[in-house]
Amino acid sequence: MIKAIEITKNFGKNTVLKNISTTINKGEVVTVIGPSGSGKSTFLRCLNLLEEPTSGEIYIEDRKITDKKVDKLEIRKNIGMVFQHFHLFPHMTVLDNVAYAPQKVKNKTKAEAEKIAKDLLAKVGLTDKEDAYPNRLSGGQKQRVAIARALAMEPEIMLFDEPTSALDPEMVKEVLDVMKDLANTGMTMVIVTHEMNFAKEVADRVLFLDDGVLLEEGDPKEFFEQPKTDRARDFLDKVL
Amino acid sequence: MNLDFSQIVPYIPFMLEGIWATLEFVIISIILGLVLGTLLALCKITKVPFLKGLADAYTSIFRGTPLILQLMIIYFAVPQLTGYDIPAFLSAILAFGLNSAAYVSEIIRAGIMAVDKGQTEAAEALGVPYRPMMLNIILPQAIKNILPALMNEFITLTKESAIVSTIGYLDLMRRAQIVGADIYRNFEPLLLAGAIYWVMVFILTRIGQVVERRMRQSD
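If you're wondering where the values come from, they're calculated on a predicted model, not measured in any experiment.

I'd like a rundown of the overall build of chain A, residues and numbers included.
Helix and strand content of chain A: nine helices and ten strands. In terms of C-alpha radius of gyration, chain A reaches 18 Å, essentially the compact-globule figure of 18 Å for 240 residues. A principal-axis box enclosing the C-alpha atoms of chain A has dimensions of 55 × 45 × 35 Å. Relative to its 240 residues, chain A shows a buried fraction of 56%. When contacts within chain A are restricted to residue pairs at least 6 apart in sequence, those whose partners lie at least 24 apart make up 65%. Accessible area for chain A stands at about 10800 Å²; split by element, carbon and sulfur atoms hold 44% of it. Side-chain charges in chain A split into 35 positive and 39 negative, and the spacing between the mean points of these groups amounts to 4 Å.

Structure below.
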């Protein structure tokens with residue numbers, strides 16, 4: 001479903017990603033881990049073209065999205081994204097946050113969009129917050145709204161960029177639970193995270209990035225128990 | 001001190017009409033400045049060098065020369081160049097609107113830049129096109145932040161409007177001068193005009209406060 005071929009990304013003289021190739025299958029849950037500055041987020045952001053790879057190719061289904069002529073907005077309709085710092089629209093109510101994009105991007109009527117939004121907010125357990133503004137919500141609630149907002153576009157792929165890193169510890173679980181439910185529905189998910197237990201438990205595959213290089217890739221159980229590289233072993237010793 | 005307001009009593013209706021004369025072109029100028037200023041601000045933040053250069057040059061010219069000079073150039077030069085005898089009213093709107101756009105564009109540009117970059121990314125990630133993203137997401141947040149600065153600009157424009165008296169437009173200021181010449185007493189009509197300007201700005205400030213409170217609803 002997603003095929004990355006030798007992606008390289010430079011920021012000026014800095015090479016952040018070095019020849020990364022991988023394939024992510026439909027319905028697969030992939031977590032991307034690694035030390036900070038290893039290029040995890042940049043890799044994720046390349047997948048919906050928030051960053052354009054300097055070289056290399058990315059295919060989604062059979063479409064080459066790194067083609068210059070491709071309509072980025074068209075591609076992104078199909079890929080939801082959840083950010084570390086939520087990025088909810090602060091001047092809109094929770095319901096409007098979720099119902100906005102279906103109206104503007106998919107030309108749904110207000111009633112249709114609000115129905116979708118209400119269903120999703122019910123799923124993430126926030127029905128009672130529909131009329132609240134984001135500033136009134138806790139971090140965990142904000143992130144759940146952000147997930148609902150991305151899902152409202154009915155994407156086939158969901159990208160998560162450190163979704164729990166900005167949360168107080170006691171709110172991490174409520175967000176991870178929503179993500180687990182989502183994984184169980186067969187959603188294709190790529191998750192940059194520092195939650196090793198979540199990666200162990202939920203992921204079908206783990207990618208380990210270090211200094212822009214995809215060092216290891218494989219089954220979570222194997223990776224966490226017997227990492228192949230010294231660098232991964234060293235990293236796991238520090239975080240586990 | 002021998003203040004005598006009794007003599008200007010018959011002239012009061014004449015002076016009050018000046019309020020509308022002033023307000024009429026000030027309101028149109030503000031709207032023109034706001035619309036043009038927003039467009040210029042959008043030009044300034046694009047990656048298209050031509051549009052950016054154009055908007056920067058525009059701002060440089062209109063901020064770099066006196067407003068009264070711009071007003072006179074429009075009023076006197078247009079007939080000379082085109083043969084069209086431009087009315088004082090239209091000259092005033094053009095000079096104030098075009099001039100205000102230069103200032104407003106800088107205020108709005110700063111406002112847009114101050115909106116968290118994550119907002120643009122969130123909208124882009126959802127596939128929202130540029131226009132609705134700007135209109136529904138970025139500009140409402142930008143305007144909320146720059147409202148005090150915008151109000152300041154509107155207040156300045158309202159007061160500076162008095163210089164249209166120099167091209168013979170019958171605004172509040174000009175009427176005060178006419179009354180002064182008529183009764184050989186300048187102090188009283190000027191004092192009255194001053195009071196009226198103050199009341200107008202006071203009301204404008206209050207409107208601004210109400211709008212600001214409304215926009216802070218989501219805080």
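Moving on from the coordinates now.
Can you tell me about the interface of chain A and chain B, naming the residues and giving the values?
On the side of chain B, 21 residues touch chain A, which itself brings 24 residues to the contact. For the pairing of chain A and chain B, the buried interface totals around 1900 Å² over both sides, and the portion due to carbon and sulfur atoms is 61%. Counting across the chain A and chain B interface gives one salt bridge. A salt bridge links E121(B) to R45(A), with the nearest nitrogen and oxygen atoms 2.6 Å apart. Counting every contact that joins chain A to chain B gives five residue pairs in polar contact (both at pLDDT 80 or more). The set of elements that each furnish at least two residues to the side of chain A that touches chain B consists of α2 (72-76), β6 (79-82), α3 (94-106) and α5 (139-151) of chain A. By residue number, the principal contributor to the side of chain A that touches chain B is α3(A), which donates four residues. Classifying every residue of the side of chain A that touches chain B gives 15 nonpolar, four polar and five charged.

Residues and numbers for the environment of L90(B), please.
All names here are of chain B. Tracing the sequence through the fold places L90 in helix α4 (residues 88-114). Of the residues examined, L90 reaches a relative accessible area of 32% and is grouped as partly exposed. Separated by 61 residues in the primary sequence, L90 and S29 place their C-alpha atoms 9.9 Å from one another.

Any chance you could break down the pattern of salt bridges for me, citing the residues and the numbers?
In the structure shown here, the tally under the stated rule is 26 salt bridges over all chains. Put simply, K26(A) and E156(A) hold a salt bridge, and the shortest N to O gap is 4.0 Å. Separated by 130 residues along the polypeptide, K26(A) in the loop between β2 (14-24) and β3 (29-33) and E156(A) in the loop between α5 and β7 (157-161) bring together distant segments of the chain. Overall, E156(A) belongs to the partly exposed group, its relative accessible area being 34%. Where R185(B) meets E188(B), a salt bridge forms, and the shortest distance between an N and an O atom there is 2.9 Å. Of the two residues, R185(B) and E188(B), neither departs from the other in class, the shared state being buried.

Describe the pairing of strand β4 (residues 55-60) of chain A, listing the residues and the values that go with them.
Residues and elements named next belong to chain A. Across five bridges, the pairing between strand β1 (residues 2-11) and β4 is antiparallel. Paired with I5 across the strands is E57, a residue of β4. Count of turn residues in the β4/strand β5 (residues 63-64) antiparallel hairpin: two residues, of which E61 carries a positive phi of about 50 degrees.

Lay out the side chain of D210(A) with the relevant residues and their values.
All names here are of chain A. With respect to the helices, strands and loops of the structure, D210 is situated in strand β9 (residues 205-210). When its relative accessible area of 15% is taken as the criterion, D210 is described as buried. Here R231 takes part through its side chain, which lies 3.2 Å from a polar atom of the side chain of D210. Excluding anything up to four places from it in sequence, D210 contacts P35, S38, L215 and R231.

Describe in detail a negative patch on the surface, supporting the description with residues and values.
Together, D204(A), D219(A), E222(A) and E225(A) give the surface a local cluster of negative charge. By the secondary structure assignment, D204(A) is in the loop between α7 (196-202) and β9.

Run through the environment of Y169(B), naming residues and quoting values.
All names here are of chain B. Its location among the elements puts Y169 in the loop between α6 (130-160) and α7 (172-183). A C-alpha to C-alpha distance of 9.6 Å links Y169 and S91, two positions 78 residues apart in sequence. Setting aside its immediate chain neighbours within four residues, Y169 contacts A21, E24, F25, A88, F89, V164 and R174.

Tell me about the packing of aromatic side chains, and please be specific about residues and values.
A full pass over the atoms with the stated rule returns ten aromatic pairs over all chains. Ring centres of F25(B) and Y169(B) lie 5.4 Å apart, and the angle between their planes is 85 degrees; on these two criteria the pair is classed as edge-to-face. Here F25(B), found in helix α1 (residues 12-45), pairs with Y169(B), found in the loop between α6 and α7; they are 144 residues apart in sequence, far enough to count as distant. Connected via pairs of aromatic rings, a cluster forms that spans F208(A), F223(A), F224(A) and F235(A). Taking the ring centre of F89(A) as reference, the NZ or CZ of R149(A) above it sits at 4.6 Å. Sitting over the ring of F14(B), R175(B) keeps its end group 4.9 Å from the ring centre.

So, the packing of α3(A) against α5(A): which residues are in play, and what are the values?
Geometrically, a packed helix pair is captured by the angle between its two axes and the distance between the axes. All names here are of chain A. Orientation of α3 relative to α5, taken along the N-to-C sense of each, is 25 degrees, at an axis distance of 7 Å. Here α5 runs roughly parallel to α3, going by the angle between their axes. You can see that α3 and α5 cross each other, and the crossing is right-handed. Of the residues in α5, those in contact with V94, N97 and V98 of α3 are V145, A148 and R149. Each residue belonging to the contact of α3 with α5 can be placed in one class, and the counts come to four nonpolar, one polar and one charged.

What counts as what
- Residues numbered from 1 in each chain as written.
- Chains lettered and ligands numbered in written order.
- Predicted model: local features only at pLDDT ≥ 70, side-chain atom pairs only at ≥ 80, totals over all residues.
- Heavy atoms only, no water.
- Helix = DSSP H or I, 4+ residues; strand = E, 2+ residues; numbered from the N terminus.
- Rg over C-alpha atoms; globule rule 2.2 N^0.38 Å.
- Buried < 20%, exposed > 50% of the residue type's maximum accessible area, 1.4 Å probe, protein only.
- Contact = heavy atoms within 4.5 Å.
- Areas by Shrake-Rupley, 256 points an atom, 1.4 Å probe, with all protein chains shown as cover.
- Lys, Arg positive; Asp, Glu negative; His and termini not counted.
- Charge placed at Lys NZ, Arg CZ, Asp CG, Glu CD.
- Buried area = accessible area lost by both parts, 1.4 Å probe.
- Salt bridge = Lys/Arg side-chain N within 4 Å of Asp/Glu carboxyl O.
- Polar contact = N/O pair within 3.5 Å; in protein donor to acceptor, adjacent residues only side chain to side chain.
- Nonpolar A, V, L, I, M, F, W, Y, C, P; charged D, E, K, R; others polar.
- Pairing = 2+ DSSP bridges.
- Patch = residues over 30% accessible without salt bridge, like charges linked within 9 Å, V, L, I, M, F, W, Y side chains within 5 Å.
- Phe/Tyr/Trp six-rings, centres within 6.5 Å; stacked < 30°, edge-to-face > 60°.
- Lys NZ or Arg CZ within 6 Å of the ring centre and 35° of its normal.
- Axes fitted to C-alpha atoms, helices over the stretch in contact; angles between N-to-C directions.
- Parallel < 35°, antiparallel > 145°, perpendicular 65-115°, else oblique.
- Left-handed = near helix turned anticlockwise from the far one by under 90°.

This is a description of form; function is not addressed.
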